[in-house]
Amino acid sequence: MLSYLAKIKEAVESRPAELAEAREKGTKVVGYFCSYIPEEIIHALGLIPVRLEYGGDEHLVDIGGRYISKNNCVFVREAVGMFAEKKDPFVRNSDMVAVATTCLQIYRLAELINHFFQVPTAILVVPRSFYYPEGRKFFQKEMANFARQLENFSGNKLDAGALRDSIELYKNIRQALREIYKYQAKDSAIIGWRDVFQVIQAGFLLDREYYLSLLRHLLAELKEQEKNVQAGEIDALEEKPRIILAGSIIARDDNKIINMIERMGGRIVADDLCTGQRFFA
């Protein structure tokens, strides 16, 4: 195992305690749903962004179905169940929830979290199309409104310099992830897609400056180890069918479809998931 994969895993395991300590010192945590949420604005306001996307627990789905119609998607019902049970440490440590209205069910999720569990919510309305000038103008106004909601919650004013710094930080994070992502698709891959996927998801939880440092160390480790790969070590990889995994979301710990593909002898080499490549693409 690459040493910095282990370090990233350890960092995720210790993150709930770090969040609890930060909150004790007065820093607020914003849990959010959807990759359209602009983390840069949350970060620039001195708030801690944490993406809430745990999955694969049928018990939580059942609990969520007591608050919202079972005609709604499994992910939304499970998210409601997370707030009802409050066992997930990232849910427990969220002072506010931010939601992008990519579908009506997610908007309903925000209403339920606020109504039943008394958690403040911030809403970012997403246009149906970004290709028309009207859609972009609408989204600009929605972003400004979203920033005002967070300013009111944090008690801070969004500073242009702090926002530029946050944008630069996230640009560097996404660039590092792009470079790491390329390694898993190579015939001589020394890191698998599943590992890279977990690295991306770790970034939704960790302190972002520390996360960038870990990514850069991992990238350096990949470059160093790639020099040592021998041609005879890659035969098994070359024989496996190469799979692109496309869809909406695969949430943290919901590995059923990934396990199934790997058991059948497939090798995932790309994805189009909002919890995967879309974050940096």
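See the structure shown above.
Computed from a predicted model, the values in this text were never measured in an experiment.

Enquirer: Describe the nonpolar core, with residues and values.
Expert: Of all hydrophobic cores here, the largest spans 57 residues; its most connected members are Leu 150, Leu 177 and Leu 218. Residue contributions to this core peak at eight residues, all from helix 8 (residues 160-184). Counting residues in each nonpolar core, the second largest holds 29 residues, with Ala 22, Val 29, Leu 60 and Val 80 among its members.

Enquirer: Any details on the sheet that holds strand 2 (residues 48-51)? Residues and values, ideally.
Expert: Paired through backbone hydrogen bonds, the strands of a sheet run either parallel or antiparallel to each other. Taken in spatial order, the four strands make up an open sheet running 2-1-3-4, and their pairing is parallel. Of all the strands in the sheet, the pair left with one neighbour each is strand 2 and strand 4 (121-124). With strand direction ignored, the average angle separating the axes of adjacent strands in the sheet is 25 degrees. As paired elements, strand 3 (residues 96-100) and strand 4 share four bridges and run parallel to each other. Along strand 4, the bridge assignment pairs Val 99 with Ile 123.

Enquirer: Give me helix 8: which residues, what numbers.
Expert: Between its first and last C-alpha, helix 8 extends 37 Å over 25 residues, near the 36 Å set by a 1.5 Å rise per residue. Residues of helix 8 that are buried sit in contact with helix 2 (39-44), strand 2, helix 9 (193-202), helix 10 (208-226) and strand 6 (267-272). Two to three positions downstream of the cap, the backbone nitrogen of Gly 161 sits 3.0 Å from a side-chain oxygen, assigning the N-cap of helix 8 to Asp 159.

Enquirer: Break down the pattern of salt bridges for me, with residues and values.
Expert: Applying the stated criterion to the full structure yields 18 salt bridges. The closest approach of N and O atoms between Glu 18 and Arg 15, which form a salt bridge, is 3.0 Å. On the criterion of helical spacing, the pair formed by Glu 18 and Arg 15 is a turn pair, its members being three residues apart in helix 1 (residues 3-24). Here Glu 18 falls in the partly exposed class, since its relative accessible area comes to 38%. Residue Arg 208 is joined to Glu 39 by a salt bridge in which the shortest nitrogen-to-oxygen separation is 2.9 Å. With Arg 208 in helix 10 and Glu 39 in helix 2, the pair connects residues that are 169 residues apart, well separated along the chain. Here Arg 208 falls in the buried class, since its relative accessible area comes to 3%.

Enquirer: Could you give an account of unusual backbone geometry, with specific residues and numbers?
Expert: With a phi angle near 95 degrees, Cys 34 is a residue other than glycine that sits in the positive phi range. Mapped onto the elements of the fold, Cys 34 is located in the loop between strand 1 (29-33) and helix 2. Under the relative-accessibility criterion, Cys 34 is labelled buried at 14%.

Enquirer: Can you explain the packing of helix 8 against helix 10? Please cite residues and give values.
Expert: If you want to describe how two helices pack, look at the angle between their axes and the distance between the axes. At their nearest, the axes of helix 8 and helix 10 sit 10 Å apart, and the two run at 30 degrees to each other. With respect to helix 10, the element helix 8 is oriented roughly parallel. Regarding helix 8 and helix 10, the two cross each other, and that crossing is left-handed. In this structure, helix 8 uses Leu 169, Tyr 170, Asn 172, Ile 173, Ala 176, Leu 177, Glu 179, Ile 180 and Tyr 183 to contact helix 10, whose residues at the interface are Arg 208, Glu 209, Tyr 211, Leu 212, Leu 215, Arg 216, Leu 218, Leu 219, Leu 222, Lys 223 and Glu 226. Residues belonging to the contact of helix 8 with helix 10 are distributed by class as follows: 13 nonpolar, one polar and six charged.

Enquirer: Can you lay out the pairing of strand 1 for me, pointing to particular residues and giving the numbers?
Expert: Among the five residues in strand 1, five count as buried, and that is most of the element. Across four bridges, the pairing between strand 1 and strand 3 is parallel. Paired with Tyr 32 across the bridge in strand 3 is Ala 98.

So, how was this worked out
- Residues numbered from 1 in each chain as written.
- Predicted model: local features only at pLDDT ≥ 70, side-chain atom pairs only at ≥ 80, totals over all residues.
- Heavy atoms only, no water.
- Core = buried A, V, L, I, M, F, W, Y, C linked by side-chain atoms within 4.5 Å.
- Buried < 20%, exposed > 50% of the residue type's maximum accessible area, 1.4 Å probe, protein only.
- Helix = DSSP H or I, 4+ residues; strand = E, 2+ residues; numbered from the N terminus.
- Pairing = 2+ DSSP bridges.
- Axes fitted to C-alpha atoms, helices over the stretch in contact; angles between N-to-C directions.
- Expected span 1.5 Å × (residues − 1).
- Contact = heavy atoms within 4.5 Å.
- Polar contact = N/O pair within 3.5 Å; in protein donor to acceptor, adjacent residues only side chain to side chain.
- Salt bridge = Lys/Arg side-chain N within 4 Å of Asp/Glu carboxyl O.
- Parallel < 35°, antiparallel > 145°, perpendicular 65-115°, else oblique.
- Left-handed = near helix turned anticlockwise from the far one by under 90°.
- Nonpolar A, V, L, I, M, F, W, Y, C, P; charged D, E, K, R; others polar.

Everything listed is a geometric property; what it means functionally is a separate question.
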